[in-house]
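Remarks on the overall topology
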Amino acid sequence: MLKFLLFGTGKVACHIMKGIGSLEGALQILGFVDNDTHKHGTIFYDKNVFSPNQISNIQYDYICILLEKGYIDVYNQLAYGYHIDKSKLVDKYFLLKHIIMEKYKNDSDLDIQDTISYWNTNELTFFNQFQYQSAQYDKVFWDTENNMPYVFYKKRKLYYPRTYRGFIVRNNSLYVISYREMEQHQMSPHRYLNDKIFIGENDIVVDAGAREGEFALPYIDCIKKLYLIENDAEWIEALKMTYKDYMDKVVIISKLLMDEVNEYSTTLTEIIQKETVNFIKMDIEGAEVKALSVSQDLLKKNNIKCAICCYHKKDDREQIEQIFENVGYQHFVSNGYVVFVSDPDIFQQADFRKAIVYALK
């Protein structure tokens, strides 16, 4: 049985203690450590809150640092101030990995068992053993005439906001880290396209959750019309620059795709009107069920190839599949599983999720 001390008593600690439940029989939480002197000696979720100078009196396997922004500061404090063995200092994802491993250790799903085996010698990631491709470093160039940064993707200029916070400096040049090759590898759980779900000649395409617009860019010459839906205002100017030579067939919608039409949101039916649509990719941070629920007439009237993200919320896959069944579409899911670590409830759910539901009539 692994014994953990948790450093931090904030929101993450609350999520962990609410979610760990019966698994404490295999993963024991000994208590909490905090730098706040007002908390020392108090009780948090029926566990003692210790001062850092009490750590040496406790028999533990790992100290899990729950902080994100302050992780490095606490790590340095414990490693160099209290001379704690660095191999015993872990982050919250290390704890999550062991919680999920314990929860699913007897599961019969071979993909899940493959992931658990992978975790024996690797860290938990979104892609896990399906991480076939490394992250790419794309060199950033600057369009001085329009004062906009861009990278080259498929021999085309892909623009970024000038305020983009992900720029890094390497060898006296700017770069951005790209995961597109990893994400869209043919074996990736997050791959949008496959043998049945593809973009064809003269298709009308909807890219919901477009961000930088990289998904549709390689097909822009062959498709008939493209709807780019992106709510983040920071990306709109960049999208307009990326597609500036194709604005005769590109429509950019700067709203949330949801289940109602108002100042801030819209629906597929409102966008498409009576037009035929052939392909929909949807990656809209958990609003997929709402957006599809009011689009059933649109789905019935068209034969739309769909690639819909289903991992943002625990029950999204089942609800999305039910919508497709209601409109007479066949559906199937992507390879493998992902662990959506960005879900604020991930410690309560501690689950594997399929990433994409594909569907067509």
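Every chain's residues receive numbers from 1 upward, in the order its sequence appears when written. It should be noted that, the model being predicted, local features are given only for residues of pLDDT at least 70 and side-chain atom pairs only at 80 or more, the latter also being counted only at that level, while totals for whole chains, interfaces and linings use all residues. Excluding hydrogens and water, the side-chain values take into account all heavy atoms of the structure.

Describing the pairing of strand S15 (residues 250-253)
- Taken together, the four bridges between strand S14 (residues 225-229) and S15 define a ladder with parallel strand orientation. Bridge pairing in S15 places leucine 226 opposite valine 250.
- Traced from S14 through helix H6 (residues 233-242) to S15, the parallel crossover comes out right-handed. Strand pairing follows a simple DSSP-based rule, namely that at least 2 bridges must link the two strands. Every helix listed is a DSSP run of H or I at least four residues long, and every strand listed is a run of E at least two residues long, numbered separately from the N terminus. Here the term right-handed applies to a crossover when the path leading from its first strand over the helix to its second strand runs clockwise, the strands being oriented away from the viewer.

Some remarks on H6
- For H6, every residue scored as buried is listed here: Trp235, Ile236, Ala238, Leu239, Met241 and Thr242.
- Contacts are residue-level and defined by heavy atoms, with any inter-residue pair within 4.5 Å sufficient. Looking at the buried side of H6, the elements it contacts are strand S8 (141-143), strand S9 (148-153), strand S10 (156-159), S14 and S15. Relative accessibility thresholds used throughout: buried, under 20% of the residue-type maximum; exposed, over 50%; partly exposed, between the two (1.4 Å probe, protein chains only).

As for the pairing of strand S1 (residues 2-7)
- Where S1 lies against strand S2 (residues 27-33), six bridges are found, and the strand directions are parallel. Paired with phenylalanine 4 across the two strands is isoleucine 29, which belongs to S2.
- Of the pairings in the sheet, the one linking S1 to strand S5 (residues 62-65) comprises four bridges and is parallel in character. By the bridge assignment, leucine 5 is partnered in S5 with isoleucine 63.

So, the pattern of salt bridges
- What counts as a salt bridge is simple: a side-chain nitrogen of Lys or Arg found within 4 Å of a carboxyl oxygen of Asp or Glu. Scanning all chains against the criterion turns up 15 salt bridges.
- Residue arginine 317 pairs with glutamate 321 through a salt bridge whose shortest N-O separation is 3.1 Å. Linking arginine 317 with glutamate 321, this pair stays in helix H10 (residues 316-326), spanning four residues, or about one helical turn.
- You can call arginine 317 partly exposed: its relative accessible area is 27%.
- Residue classification places glutamate 321 among the buried positions, given a relative accessible area of 12%.
- Across the pair aspartate 351 and arginine 353 runs a salt bridge, and its minimum N-O distance is 3.0 Å.

Comments concerning the nonpolar core
- Joining through side-chain atoms within 4.5 Å is the link that ties buried Ala, Val, Leu, Ile, Met, Phe, Trp, Tyr and Cys residues into a set, and such a set is a nonpolar core. Ranked by size, the top nonpolar core spans 42 residues in total, and within it Tyr160, Ile220, Leu226, Tyr243 and Phe279 carry the most contacts.
- Counting residues per element, the ones that place at least two in this core are S9, S10, S14, H6, strand S19 (305-309) and strand S21 (356-360).
- For this core, the leading source of residues is H6, giving five residues.
- Discounting chain neighbours no more than four positions away, the residues touching tyrosine 160 are Met148, Pro149, Tyr150, Val151, Phe167, Val176, Arg180, Glu212, Trp235 and Ala238.

Let's talk about unusual backbone geometry
- For tyrosine 45, which is not a glycine, the phi torsion comes out positive at approximately 50 degrees.
- You can see tyrosine 45 is positioned in the loop between strand S3 (43-44) and strand S4 (47-50).
- If you check the backbone angles, asparagine 172 has positive phi at about 65 degrees while not being a glycine.
- Along the chain, asparagine 172 falls in the loop between strand S11 (168-170) and strand S12 (173-178).

Remarks on the side chain of glutamate 230
- One can find glutamate 230 in the loop between S14 and H6.
- There is a polar contact of 3.3 Å between the side chain of glutamate 230 and the backbone nitrogen of alanine 210.
- For the purposes of these results, a polar contact is taken to be a pair of N or O atoms within 3.5 Å, where, inside protein, one atom must be able to donate a hydrogen and its partner to accept one; residues adjacent in sequence count only when each atom of the pair is a side-chain atom. For glutamate 230, the side chain forms a polar contact with the main-chain nitrogen of aspartate 232, separated by 2.9 Å.
- In this structure glutamate 230 touches Gly209, Ala210, Arg211, Trp235, Ile236, Leu239, Ile253, Ser254 and Lys255, once residues within four positions along its chain are discounted.

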